[in-house]
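Descriptive analysis of the structure
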Amino acid sequence: MLKKNTLKTVKRDDMIDVTTEVQAFIKEKGIQEGVALIYCPHTTAGITINENADPDVKKDILRRLDEQYPWNHTLDLHMEGNTAAHLKSSTVGSSQQVIIHKGSLVLGTWQGVYFCEFDGPRERQYFIKLCVDQ
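These notes cover the structure that comes with them.

Each value, and the rule that gives it
- Residues numbered from 1 in each chain as written.
- Predicted model: local features only at pLDDT ≥ 70, side-chain atom pairs only at ≥ 80, totals over all residues.
- Heavy atoms only, no water.
- Helix = DSSP H or I, 4+ residues; strand = E, 2+ residues; numbered from the N terminus.
- Expected span 1.5 Å × (residues − 1).
- Buried < 20%, exposed > 50% of the residue type's maximum accessible area, 1.4 Å probe, protein only.
- Arc of directions from axis to C-beta.
- Contact = heavy atoms within 4.5 Å.
- Polar contact = N/O pair within 3.5 Å; in protein donor to acceptor, adjacent residues only side chain to side chain.
- Phe/Tyr/Trp six-rings, centres within 6.5 Å; stacked < 30°, edge-to-face > 60°.
- Lys NZ or Arg CZ within 6 Å of the ring centre and 35° of its normal.
- Disulfide = S-S within 2.5 Å.
- Pairing = 2+ DSSP bridges.
- Axes fitted to C-alpha atoms, helices over the stretch in contact; angles between N-to-C directions.

**Here we look at helix 2 (residues 55-68)**
For helix 2, with 14 residues, the first-to-last C-alpha span of 21 Å sits near the 20 Å given by 1.5 Å per residue. Along helix 2, the positions that sit buried rather than exposed are V57, L62 and L65. One side of helix 2 carries all its buried residues, which in axial view fall inside an arc of 130°. Along its buried surface, helix 2 packs onto strand 2 (14-17), strand 4 (45-51) and helix 3 (83-92). Structurally, the start of helix 2 carries an N-cap: the backbone nitrogen of D56 is 2.8 Å from a side-chain oxygen of D54.

Right, dumping it as structure tokens:
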């Protein structure tokens, strides 16, 4: 069971909560037990799990990534000028796995699944693969 989702990002750097979309796909397919794999096929975006209660956490994460990987660094050689986006993507990672139990994602009280944009705005895709316990 694989689903391709498309979203349009509106900022250069953003974290978009996709937890609801992942959970909806689990419900649609009637999965009770298994694993959800959420994957981003882009080299300048990623997937992470983090707090989704306080919006300042997203702001802080993006600010600290900018501090570590400034957009304009004099030694960066990449012709497109988006080396920072590639570094952020590599740091965050391209996928996350979440256990499905009793039809729901097993996440902590304050956790959510995020699509992380580091080179927007763009139209992006991410995939949800459901692996079912037999």
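Still more ground to cover, so stick around.
**Focus: the packing of aromatic side chains**
Counted under the stated rule, the structure contains one aromatic pair. Measuring from centroid to centroid gives 6.1 Å for F115 and Y126, while their planes differ by 45°, and the two rings are tilted. Here F115, found in strand 7 (residues 111-117), pairs with Y126, found in strand 8 (residues 123-132); they are eleven residues apart in sequence, far enough to count as distant. The residues F115 and Y126 share a single accessibility class, namely buried. The ring of W71 is capped by R12, whose NZ or CZ atom sits 4.2 Å from the centre of that ring.

**Focus: helix 1 (residues 19-29)**
In an α-helix there are 3.6 residues to a turn, and that puts residues three or four apart on one side. Considered for burial, the residues of helix 1 that qualify are T19, V22, F25 and I26. With its buried residues spanning 135° around the axis, helix 1 presents them on a single face. For helix 1, exposure combined with an orientation more than 90 degrees from the buried face picks out T20, K27 and E28. Backbone geometry just after helix 1 places G30 at a positive phi near 70°.

**Remarks on the state of the cysteines**
The tally for this structure, following the rule as stated, stands at zero disulfides. For the unlinked cysteine C40, the closest cysteine sulfur is that of C116, found at 8.6 Å. Given the relative accessible area of 1%, C40 is considered buried. Cysteine C131 remains unbridged, with the sulfur of C40 as its closest cysteine sulfur at 18 Å. Take C131: its relative accessible area is 38%, and that puts it in the partly exposed class.

**With respect to the sheet that holds strand 5 (residues 95-101)**
If you trace the five strands from one edge of the open sheet to the other, you get 1-8-3-5-6, paired in antiparallel fashion. The open sheet is flanked by strand 1 (2-8) and strand 6 (104-105), the only strands paired with a single partner. In this structure, strand 3 (residues 33-39) lies alongside strand 5, joined through seven bridges in antiparallel fashion. The residue of strand 5 that forms the bridge with E33 is H101. Along the sheet, helix 1 contacts strand 1, strand 3, strand 5, strand 6 and strand 8; its crossing angle with strand 8, the most-contacted strand, is approximately 40°.

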